[in-house]
Amino acid sequence: LARIFELETNINKIPLTTFKGDGLVISTPTGSTAYSLSCGGPIVYPTLDSIIISPICPHTLTNRPIVLPENASIEIVLKSKNNDVLLTLDGQEGFKLKYGDLVNIYKSLNYTVLIKSLFRNYFEVLRTKLMWGERY
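Residues numbered from 1 in each chain as written. Predicted model: local features only at pLDDT ≥ 70, side-chain atom pairs only at ≥ 80, totals over all residues. Heavy atoms only, no water.

Draft legend 1. Representation of the sheet that holds strand β4 (residues 50–56). Ordered by their spatial adjacency, 3 strands build an open sheet running β3-β4-β5, and the pairing between neighbours is antiparallel. A strand with exactly one partner marks an edge of an open sheet, and here the two such strands are β3 (23–27) and β5 (66–69). If you compare each strand with its neighbour and ignore which way they point, the axes differ by 25° on average. As defined by bridge partners, β3 adjoins β4 across 5 bridges and the pair is classed as antiparallel. Bridge assignment links V25 to a residue of β4, and that residue is S54. (Pairing = 2+ DSSP bridges. Helix = DSSP H or I, 4+ residues; strand = E, 2+ residues; numbered from the N terminus. Axes fitted to C-alpha atoms, helices over the stretch in contact; angles between N-to-C directions.)

This is how it looks when you write it as structure tokens:
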């Protein structure tokens, strides 16, 4: 049974908003074409240094995705006493959260090196993946 819960969100210790809905997706530009996109988040070019917050089924129409600089520190506090809230990292097994739990998100000092094809560019991948320009 779906339940709406509240996530108080601060950026660099400054209040942003309290998101009400099914959750939040926090992603990098690389992840912007995955779950974040399915939640209505923007497609962000992979070399842009940024973090994206995309609400999942927000209860308020004014809660929209936001793109932040890569050095932003994000604090999320669970403000609902709902027992069915999970923190899931990259689709792995979830961790149960309880009222008042704080999740801190910030850029890692570690990097992952990705291999780039010499035969396909980013926009070709987008056109193929999203079927841009195809008629039904």
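Draft legend 2. Here's a closer look at the sheet that holds strand β1 (residues 5–11). The 4 strands lie next to each other as β2-β1-β6-β9, forming an open sheet whose pairing is antiparallel. Edge positions in the sheet fall to β2 (14–21) and β9 (102–105), since each of these pairs with one other strand and no more. Within this sheet the neighbouring strands show an average axis-to-axis angle of 20°, counted without direction. Pairing of strand β6 (residues 74–78) with β9, which is carried by 4 bridges, proceeds in the antiparallel orientation. Bridge assignment links I76 to a residue of β9, and that residue is V103.

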